[in-house]
Amino acid sequence: MSTGKATWLVARREIVERTGQRSFQVSTGLTLLIIAAAVIVPSLLDLGGDRTIKVTATGGTPTEIAEAAKQGAPALDVKLAVTRVNTEAEARQRVDDGEAEVAVVGEPARLVVQDELDPDAGALLQQAAAQLTRARTVQGLGIEPSARDELLQPPPLETQAIDPQEGDGEAEGLASIAVILLYGQLLMYGYWISAGVVEEKASRIVEVLLSTISATALLRGKLLGLGILGFVQLLVVGAVGTGLAIATDVLDVPSGAAKTFAAVLAFFVLGYAFYAALYAVAGATVQRQEDLQGSTMPLTVLVLVGFFIGIQAVGNPDGGLAQVASYLPPTMPMILPVRLIAGDVAVWEVVVAVGISLLASALLLAAAVRIYRNAILRTGGKVRILDAWRAG
Amino acid sequence: MLELDGLTRRYGDRLALDRLSFTVHPGQLLGFVGPNGAGKTTTMRIVLGVLAQDAGTVRFDGKTIDAATRSRFGYMPEERGLYPTMRVGDQLAYLAELHGIPRAEAREKAERWMETVGVADRAGSRVEELSLGNQQRVQLAAALVHDPVALILDEPFSGLDPVGVDVMAGVLAERAAAGVPVVFSSHQLDLVERLCDAVAIVKDGRLVASGAVQELRAREGRGLFRVEVEGAGDGTWLERVPGARREGPTLVRLDDGADDQALLDAARAAGRVRRFEPAEPSLSDLFREAIAA
């Protein structure tokens, strides 16, 4: 049988068997739950999204005022939903029924509320009304259009920050979610790789397998299968999260979610390509499941370091540490996405960082296949990596 | 026909296999015996390509075997190996597929072999849920599921109950009768004697005896007599018979050309002869002799 066919058979088994396992189902469910909670809870608590104020207005000036008031709404972190009605009686009825918080009616316009005027709604509507009055008055004065515009819309004051805060809260939030997802996914799938390798070694099935397919096909199939599974799992989780975020309106910029989603998928692939081979070696050099904790420890530490730098980079995406860590393959998969989502990173930097990582991954994979082949059949104690390398 | 020709393998300074050669003909059931550490497992692993030899070749039907030929062999390693959490039916079908059997056919074969070894009712169980004996049966089915052209089994009888032994023996004999060369290693010499038409005895990585069991017996049994004499004292009477040597409490070997009647006369003179017969060495005798040499 060709190596390609054998690789695919092994990969298919990994996917089918792993999907049927409780640990996989639980972890998928849990991740979905966390994502759903992260998206839905803020919208329930009204933290992430803007409050919507319902306004009703009769035709003519009142509607003009209400529509104009929308412009200033984002500055106050609110939204105005304007419903037009035909008569003042209707407008009053809506306020009385609680379908609108404030009604703009009459000529000259007046505000009608149930008991008390919402301060945000008041400020916006009063400002809009004043502006409208000014515009009409100025119109009648017959001054030059350019002077008129300057009078009506004076340029806003420029703001200079001494210590500017980089990025905005939303991008930071998305970047944090990306780091957490990547960290969890890399750690979990890395562990599954080494656990799968040890299972085959400890149960001695590997001898049966190697009597019919090559060690290369066996290792590649395992890495490929689990990689596909990790990718699809993220795809599902990401799609659900992005869908929920858009549906519940928690994001001001839905494209931010799409960008995060794409970055998480891409950097999972890159990170997995780097770590997968290393986790396979960590599994092949020990005899039993219990020894895995020790052999995977250095890798766990690397992923953790990446996670911490990634989290730190959320607040300071273009700082020196984040920049350096972007070029190091072990930390790159958790830093570069943060900088892409919340920071400012040049295309060439991405190309170089990803290039370095891919090169390192290819070299590691080749070395891992050699070590794996020599270590997988050795029993009795821990196999020293150098010995396994030399035996090839 | 499976030919092992001059297989040599070193582990560091230790010579594990030293120019080992023997042949298994189609339909032959060959017992591969030797003390622990003699190189049996190493030999089998080399035949299956799990381990590389330092020198020598393995041929099947006259051609040096490659991965494609090997994938049509059936192998049962000494340390049993199955995925503990995978279901029996899925596992056998998967292994058949790895041996190049198309998916649908792999399913059929898996079912047929589960039937044959008697675990059909456990098709949906995880391997770890089975008793050790049943796991062994699944292991046998795993070695056979792709209808191998040659069978190599490392200690297939160890750990089997008498019923399991019968199932295993039946299947191996049936495969051999179908024209497949079958090699298995075992420490149960009586079993080897009962089942096999040929043996290969190894010691310290070297072949010390091989061939058809009957021929070996005839050859090794030449000049061997079982003699029991009552009242012969310390047995020094034997020293007076020219060309006779003691090989056991009751076993006497005569050199070529020595007179067996002279031996009988001397025995009668020494005491009351209870037993005097040409001895047919058992496989255990042959084994002990080969190993002692």
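Here the residue numbering is sequential within each chain, running from 1 through the sequence in written order. Starting at A for chains and at 1 for ligands, labels are handed out in the order in which the entities are written. The predicted nature of this model means local features are confined to residues of pLDDT at least 70 and side-chain atom pairs, given and counted, to a pLDDT of 80 or more, with totals for whole chains, interfaces and linings taken over all residues.

(A) Highlighting the overall build of chain A. Only runs of H or I of at least four residues qualify as helices and only runs of E of at least two qualify as strands under DSSP, and these elements are numbered from the N terminus. Helix and strand content of chain A: 15 helices and four strands. Here chain A has a C-alpha radius of gyration of 30 Å; the compact-globule value for 392 residues is 21 Å, and the former is much larger. Expressed as lengths along the three principal axes of its C-alpha atoms, the size of chain A is roughly 95 × 45 × 35 Å. Relative to its full complement of 392 residues, chain A shows a buried share of 40%. Partitioning the contacts of chain A with sequence separation of at least 6, the portion at a separation of at least 24 is 75%. Radius of gyration: C-alpha atoms only; globule rule: 2.2 Å multiplied by the number of residues to the exponent 0.38. With C-beta atoms placed from the backbone, a residue is buried if 20 or more other C-beta atoms are within 10 Å of its own, exposed if 12 or fewer are, and partly exposed between those counts. Placing C-beta atoms from the backbone, we regard two residues as in contact once those atoms come within 7 Å.

(B) The overall build of chain B, seen in detail. A count of helices and strands for chain B gives ten helices and 14 strands. Classification of the 293 residues of chain B by burial places 43% in the buried group. Long-range contacts, defined as pairs at least 24 residues apart, comprise 70% of the intrachain contacts of chain B with a sequence gap of at least 6.

(C) Summary view of the domain arrangement of chain B. All names here are of chain B. Domain boundaries shown here were taken from an automatic or database domain assignment. Along its sequence, chain B is carved into domain 1 (2-211) and domain 2 (222-292). Here the C-alpha centroids of domain 1 and domain 2 sit 40 Å apart. Contacts between the two partners involve ten residues from domain 1, matched on the other side by seven residues from domain 2. Contributing elements (two or more residues each) for the side of domain 1 that touches domain 2: helix H7 (189-195), strand S9 (198-203) and strand S10 (206-212). For the side of domain 1 that touches domain 2, a count of residues per class yields eight nonpolar, no polar and two charged. Charged residues are taken to be Asp, Glu, Lys and Arg, nonpolar residues to be Ala, Val, Leu, Ile, Met, Phe, Trp, Tyr, Cys and Pro, and polar residues to be all remaining types, Gly included.

(D) View of the domain arrangement of chain A. Along its sequence, chain A is organised into domain 1 (3-44 + 169-391) and domain 2 (51-152). The C-alpha centroid of domain 2 of chain A is placed 54 Å from the C-alpha centroid of domain 1 of chain A.

(E) Geometry of the interface of chain B and chain A. Of the residues lining the interface, 21 residues belong to chain B; the matching set on chain A comes to 17 residues. Counting residues per element, the side of chain B that touches chain A draws most heavily on helix H3 (residues 88-98) of chain B, at four residues. When grouped by side-chain class, the residues that make up the side of chain B that touches chain A number twelve nonpolar, five polar and four charged.

(F) Summary view of the sheet that holds strand S4 (residues 55-60) of chain B. All names here are of chain B. Strands pair, by our definition, only if DSSP identifies at least two bridges between them. Overall, antiparallel pairing links the four strands, which are arranged S2-S1-S4-S5 in an open sheet. Edge positions in the open sheet fall to strand S2 (14-24) and strand S5 (63-64), since each of these has one partner strand only. Judged from the two bridges that link them, S4 and S5 form a sheet pairing that is antiparallel. Note on S5: the bridge partner recorded for Phe60 is Lys63. Working convention: axes come from line fits to C-alpha atoms, limited for helices to the stretch in contact. Angles between N-to-C directions cover 0 to 180 degrees. In the packing of helix H1 (residues 40-47) onto the sheet, contacts are made with strand S1 (2-11), S2 and S4, and the angle to S1 comes to roughly 115°.

(G) Seen up close, the confidence of the model for chain A. As a per-residue measure, pLDDT reflects the predictor's confidence and takes values from 0 up to 100. Averaged over chain A, the pLDDT score is 86; the fraction of residues at 70 or greater is 94%. Model confidence for chain A, summarised as mean pLDDT per element, is weakest for helix H15 (residues 385-391) of chain A at 77 and strongest for helix H1 (residues 3-19) of chain A at 93.

(H) Representation of the packing of helix H4 (residues 103-117) of chain B against helix H5 (residues 132-144) of chain B within the structure. Residue and element names in this part refer to chain B. Between H4 and H5, the least distance of the axes is 9 Å, while the angle of their chain directions is 135°. By the criterion of interaxial angle, the relationship of H4 to H5 is oblique. Considering the relative orientation of H4 and H5, their crossing is right-handed. The segment H4 lies against H5, with Trp113, Met114 and Val117 engaging Arg137, Leu140, Ala141 and Leu144. Taken together, the residues that form the contact of H4 with H5 break down as six nonpolar, no polar and one charged. Any angle between 65 and 115 degrees counts as roughly perpendicular, while under 35 counts as roughly parallel, over 145 as roughly antiparallel, and the rest as oblique. Crossing chirality is assigned from the near helix's rotation relative to the far helix, an anticlockwise turn below a right angle marking it left-handed and a clockwise turn marking it right-handed.

(I) Examining the environment of Glu239 of chain B more closely. Position of Glu239 of chain B among the secondary structure elements: in the loop between strand S11 (224-230) and strand S12 (244-246). Along the chain, Glu239 of chain B and Ala266 of chain B lie 27 residues apart, while their C-alpha atoms are 9.8 Å from each other.

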